[in-house]
Amino acid sequence: MSTEPALMTLTEVARAIAMKLVSSHEVTRALLHRIAQWQPHLNAFMTIEAEAALKAAEEADTALAKGELRGPLHGVPLAHKDMYYEAGKVVTCGSLIRRDFVATTTSTALQRLKDAGQVRLGSLHMAEFAYGPTGHNSHYGPVRNPWNVAHITGGSSSGSGSAVAARLTFAALGSDTGGSIRMPAHFCGVTGLKTTWGRISRAGAMPLSQSLDTVGPLAQTAEDCALLLALMAGPDPEDPTASAEPVADYVAATKGSLKGLKIGVPISFYVDDLDSEVARVLDETLAVLKREGADIVKVELPDQRQLSAASQLVLAVEAAAFHKRWLIERPQDYGSQVLMRLQNGLAVPAITYLEAMRWRGPALAAHHAATAGVDAVIAPASPVPAPTIAESDVGGGANAPALLQRLTLFTRPVNYLGLPSLVVPSGFTRSGLPVGMQLIGRAFDEATLLTIGAAFQRATDYHARLPKLPEGST
Amino acid sequence: MTRPTAKEIKGMAEIAGVPVDEETATRIANSMGPVFDGFAMIAGTLPMDLEPALYVLAQPTIVSA
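All figures in this text were calculated on a predicted structure; none of them were measured in a lab. (Residues numbered from 1 in each chain as written. Chains lettered and ligands numbered in written order. Predicted model: local features only at pLDDT ≥ 70, side-chain atom pairs only at ≥ 80, totals over all residues.)

**Notes on the interface of chain A and chain B**
Short version of the rule: We call two residues in contact if the C-beta atoms placed from their backbones are at most 7 Å apart. Strands here are runs of E lasting at least two residues and helices are runs of H or I lasting at least four, both read from the DSSP assignment and numbered beginning at the N terminus. Think of it as three bins: nonpolar holds Ala, Val, Leu, Ile, Met, Phe, Trp, Tyr, Cys and Pro, charged holds Asp, Glu, Lys and Arg, and polar takes everything else, Gly as well.
Each partner contributes to the interface: chain A provides 42 residues, whereas chain B provides 35 residues. Within the residue set of the side of chain A that touches chain B, elements represented by two or more residues are α8 (250-253), α10 (304-322), α11 (324-329), α12 (336-344), α13 (350-358), α14 (360-370) and α17 (446-459) of chain A. In terms of residue count, the dominant contributor to the side of chain A that touches chain B is α10 of chain A (7 residues). Partitioning the side of chain A that touches chain B into residue classes produces 23 nonpolar, 10 polar and 9 charged.

Written out as structure tokens, the structure is:
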């Protein structure tokens, strides 16, 4: 365990505050110090609420001194993707259109973290309306990768990935509609959990695609993700799609062993045309899992390209429908890439959209049948490590559109099926960029993924490595 | 299933109340074409008694810890 408060994991710092080994004020100050150092390099935060955070931390310390422990996150400073509504706060959704939007309600996921005692540090940068895979934002500038600031963070939870990697927050909420938690986790070297569709309420979270949107955490460790999932999961009267399926003991699941677990490696698609360093990290990860007791077997999955296509049809239509009013009234206020993505939904006939929706059940049943013999499937989160900001931006050259498509190749099928997927930092390229592997589970079986992720993290230290502050910084 | 043409997209966008010019319609057709190709094997093959809400029935109950 680190003695530097800002470098502790979420689980460690929550315990240290509760045991009065460190104060919330001390921890908050330590984070604000790091934020002041890193923010000029990363652009990870949308707002930094230093004074309010310190005041809230003092109040948490005072309450604790009186014996009042508000919950498992008592006094823990956190910041989240700027799309979770908090009553009275501006929630930009990374957009110009909502630059001054003040929420009148608080999202259920955020409220549950507040009820557990979290202290608000501010809000985190994101892709405009969560509709972009890179971390580019034409209104507020790109978020930068702490491992190399010339490279993308991945999106759309760009600020969440960057801030957790640089230890500017102990964890952060992201959202995942086509890979928006898993890509920043992969590119920035943090742990990210895309939850089962319906596992966490989406009430008060900015919508992009109601059939695909999921809420989930990014943090240092699988154990941290388990802690947050346990607090947020479960039904919600404000969201009829939030499932009443029983909530497992996710934290207990992180103590489990890999012995007896079967992990499937796809024989195609997820292992085709990989960047050589991603392929190497996949091999190394399999070796670790095997050494720790997992049984590694091959699996043949249904056609993932069809799932990806269906996912894109659903996303395109639902996003365009949410944005229709602004597409008519304020098209000039969107960034050009986001406007183009939204307009793509206009090409899909209603009957095609409904076919894509009708196929979800049979497609999920086929996936479960194909994976019936394994506890989870492992695959790279993306075929490539983080590209540079320049090569993936507008004007990034003739290859930029193909590159963007490639980034999300391995994440979109999982959204269509609504399955959980945990990305764990699994290695580094020779140039020092992180590489993450995703563990894909059965619906509502986040617990098994957390067992595997935590066991892997007990055997490796990739999740614990720290990026260095760029030279010339103080 | 075939890819929609730029002309068809222009017509659909107008009906949807979000008109686009020819250049935009062409760009959309090129961007979404591969998506339609990817779904072509499924389109038109689904049985009648299959509705979207049945998806949740395919989500099993699993609580393993």
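There's more to say after this.
**So, helix α7 (residues 222-232) of chain A**
All names here are of chain A. Threshold: Counts of 20 or more other C-beta atoms within 10 Å of a residue's own C-beta define buried residues, counts of 12 or fewer define exposed ones, and intermediate counts define partly exposed ones; C-beta atoms are placed from the backbone.
Most of α7 is tucked away: 11 of the 11 residues are buried. Buried within α7 we find Ala222, Glu223, Asp224, Cys225, Ala226, Leu227, Leu228, Leu229, Ala230, Leu231 and Met232. Just beyond α7, the residue with positive phi is Gly234, at close to 125°.

**Description of helix α9 (residues 276-291) of chain A**
Residues and elements named next belong to chain A. Formally: To estimate how far a helix should extend, the number of its residues minus one is multiplied by 1.5 Å. Think of the arc as the fan of directions from the helix axis to the C-beta atoms.
Over its 16 residues, α9 extends 23 Å from the first C-alpha to the last, a length consistent with the 22 Å expected when each residue adds 1.5 Å. Here α9 has its buried residues at Val278, Val281, Leu282, Thr285 and Leu289. Burial along α9 is one-sided: seen end-on, the buried residues are contained in an arc of 105°. Turned more than 90 degrees off the buried face of α9, the exposed positions are Ser276, Asp283, Ala287 and Arg291. The secondary structure elements touched by the buried residues of α9 are β7 (262-266), β8 (295-299), β9 (376-380), β10 (421-428), β11 (434-440) and α17. After α9 finishes, the residue Gly293 shows a positive phi value of roughly 115°.

**Details of the sheet that holds strand β2 (residues 77-81) of chain A**
Residue and element names in this part refer to chain A. To keep it simple, the criterion reads: Here a strand pair is declared whenever DSSP counts at least two bridges between the two strands. Throughout, an axis means a line fitted to C-alpha atoms (over the contacting stretch in the case of helices), and angles, computed between N-to-C directions, take values from 0 to 180 degrees.
Read from one edge of the open sheet, 3 strands run β1-β3-β2, paired in mixed fashion. Strand pairing shows two members of the sheet lacking a second neighbour, β1 (45-48) and β2, which therefore form its edges. The sheet shows a mean angle of 35° between the axes of neighbouring strands, direction not considered. When β1 meets strand β3 (residues 119-124), the two strands line up antiparallel, connected through 3 bridges.

**Observations regarding the packing of helix α2 (residues 24-42) of chain A against helix α3 (residues 50-65) of chain A**
Residues and elements named next belong to chain A. To keep things clear, this is the line we draw: In what follows, roughly perpendicular refers to angles from 65 to 115 degrees, roughly parallel to angles under 35, roughly antiparallel to angles over 145, and oblique to any angle outside these ranges.
Relative to each other, α2 and α3 sit at 160°, their axes nearing to 8 Å. Taken as axis vectors, α2 and α3 run roughly antiparallel relative to one another. Listed contacts from α3 to Ser24, His25, Thr28, Arg29 and Leu32 of α2 are Ala50, Ala53, Leu54, Ala57, Glu58, Ala60 and Asp61. Partitioning the contact of α2 with α3 into residue classes produces 6 nonpolar, 3 polar and 3 charged.

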